[in-house]
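Residues per chain are reported as follows:
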Amino acid sequence: YAERAALRHAGLVIATSRLTATTLKADYAVPPEKLVVALPGVDRPPLPATKPSHPGETVHLLSVGSVIPRKDQLALIEALARLAHQRWHLTIVGDVERAPDWVAEVRASIDRHGFASRVTLTGALSPADVVPLWHAADVYVAASRHEGFGMAVAEAVAHGLPVVTTEAGAVGEWIDRRGVEVVTVGDVAALTNALGRVIGDDAHRRRLAAGSRLASSSLPSWTVAAHVISARLQAL
């Protein structure tokens, strides 16, 4: 109710994706003429040299996002439990204070599957502290139920990483499929299969990495977002 009331007073409402704009119209009664869609810009770091492949080595998986139900880390751990025979390590970077009950469930799942040495919860980190983790990662993974855009997935593509992700609402709208395995939200079997291919097949992982490096150049920019928003602000 409070959000709907606040939005009634807005002269302009900026949405981060077409899906978010549709939600604002349908669920929050925002008139279409008050909406502008501006995809968030993605900073493009210099792409590192392509990593050499060493078959049989541990594949380092990275997931970035608060440990909350919407990010569905439980689905990710359940999928990886079916791949316990493969060599992988998962690092989850994100706040662990927002949803303590959910975090307790995630930790219990990690313990139940015997993954204490294979899944690391770092808690919230500064952007500077995440940089070496981006560089160390072999694959970016996400099992989100919903995203208004999907900044962490975009950052993974910007770093030239192979990506396994759910459609997560808005992600499916903009993601370039060349470097990405996309699965349906909540489909643990499909997530398991996609993860299994990327972890177990070095050649497939290299192909996805090459696709991400190509796709990184077409990610949305802050310059375009600023122009879109500025034009609408000046028209108010």
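Going by the structure above, here's the rest.
Residues numbered from 1 in each chain as written. Predicted model: local features only at pLDDT ≥ 70, side-chain atom pairs only at ≥ 80, totals over all residues. Heavy atoms only, no water.

Novice: With reference to specific residues and values, describe the nonpolar core.
Specialist: One finds Leu61, Leu80, Trp88, Leu90 and Leu195 to be the most contacted residues of the largest nonpolar core, which totals 34 residues. Looking at this core, the elements with two or more residues in it are strand 3 (59-64), helix 3 (73-81), strand 4 (88-93), helix 4 (100-112), strand 5 (119-123), strand 6 (139-142) and helix 8 (188-200). By residue number, the principal contributor to this core is helix 8, which donates six residues. What Trp88 contacts, discounting residues up to four positions off in sequence, is Thr58, Val59, Leu61, Leu80, Leu83, Phe115, Arg118, Val119 and Ile199. Within the second largest apolar cluster, 24 residues are counted, among which are Ala152, Val157, Trp174 and Ile175. (Core = buried A, V, L, I, M, F, W, Y, C linked by side-chain atoms within 4.5 Å. Buried < 20%, exposed > 50% of the residue type's maximum accessible area, 1.4 Å probe, protein only. Helix = DSSP H or I, 4+ residues; strand = E, 2+ residues; numbered from the N terminus. Contact = heavy atoms within 4.5 Å.)

Novice: Break down helix 6 (residues 151-158) for me, citing the residues and quoting the values.
Specialist: Burial within helix 6 is extensive, with six of its eight residues counted as buried. Along helix 6, the residues classified as buried are Ala152, Val153, Ala154, Ala156, Val157 and Ala158. In this structure, the buried side of helix 6 is in contact with strand 3, helix 5 (127-136), strand 6, strand 7 (163-166), helix 7 (171-174) and helix 9 (202-215). Remark: Gly160 follows helix 6 within two positions and exhibits a positive phi of approximately 75°.

Novice: Outline the environment of Leu12, supporting the account with residue identities and numerical values.
Specialist: Residue placement: Leu12 occurs in the loop between helix 1 (2-8) and strand 1 (13-15). On a C-alpha basis, the gap between Leu12 and Lys34 in space is 4.9 Å, while along the polypeptide they are 22 residues apart.

Novice: Tell me what's going on with the sheet that holds strand 8 (residues 180-183), and back it up with residues and numbers.
Specialist: Spatially, six strands are ordered 5-4-3-6-7-8 in an open sheet, and the strand pairing comes out parallel. Of all the strands in the sheet, just strand 5 and strand 8 have a single pairing partner and so form its edges. In this sheet, neighbouring strand axes are inclined to one another by 20° on average, regardless of whether the strands run parallel or antiparallel. Here four bridges tie strand 7 to strand 8, and the two strands are oriented parallel to one another. Note on strand 8: the bridge partner recorded for Thr166 is Val183. Where helix 5 meets the sheet, its contacts fall on strand 3, strand 4 and strand 6, and the angle it forms with strand 3 comes to roughly 140°. Here helix 9 sits on the sheet in contact with strand 3, strand 6, strand 7 and strand 8, set at roughly 100° to strand 8. (Pairing = 2+ DSSP bridges. Axes fitted to C-alpha atoms, helices over the stretch in contact; angles between N-to-C directions.)

Novice: Summarise the packing of helix 3 against helix 8; cite the residues concerned and give the values.
Specialist: Where helix 3 contacts helix 8, the two axes come as close as 9 Å, and the packing angle between them is 60°. In terms of axis orientation, helix 3 runs oblique to helix 8. When the axes of helix 3 and helix 8 are compared, the crossing they make is right-handed. For the pair helix 3 and helix 8, the contacting residues are Ala75, Leu76, Glu78, Ala79 and Leu80 in the first and Val188, Leu191, Thr192, Leu195 and Ile199 in the second. For the contact of helix 3 with helix 8, the class distribution of residues is eight nonpolar, one polar and one charged. (Parallel < 35°, antiparallel > 145°, perpendicular 65-115°, else oblique. Left-handed = near helix turned anticlockwise from the far one by under 90°. Nonpolar A, V, L, I, M, F, W, Y, C, P; charged D, E, K, R; others polar.)

Novice: Break down the packing of aromatic side chains for me, citing the residues and quoting the values.
Specialist: Tallied over the full model, the rule gives three aromatic pairs. Aromatic pair Trp134 and Tyr140: ring centres 5.7 Å apart, planes at 25°, arrangement stacked. For the pair formed by Trp134 and Tyr140, the shared burial category is buried. Relative to Trp174, the ring of Phe149 has its centre 4.8 Å away and its plane inclined at 15°; by these criteria the two rings are stacked. (Phe/Tyr/Trp six-rings, centres within 6.5 Å; stacked < 30°, edge-to-face > 60°.)

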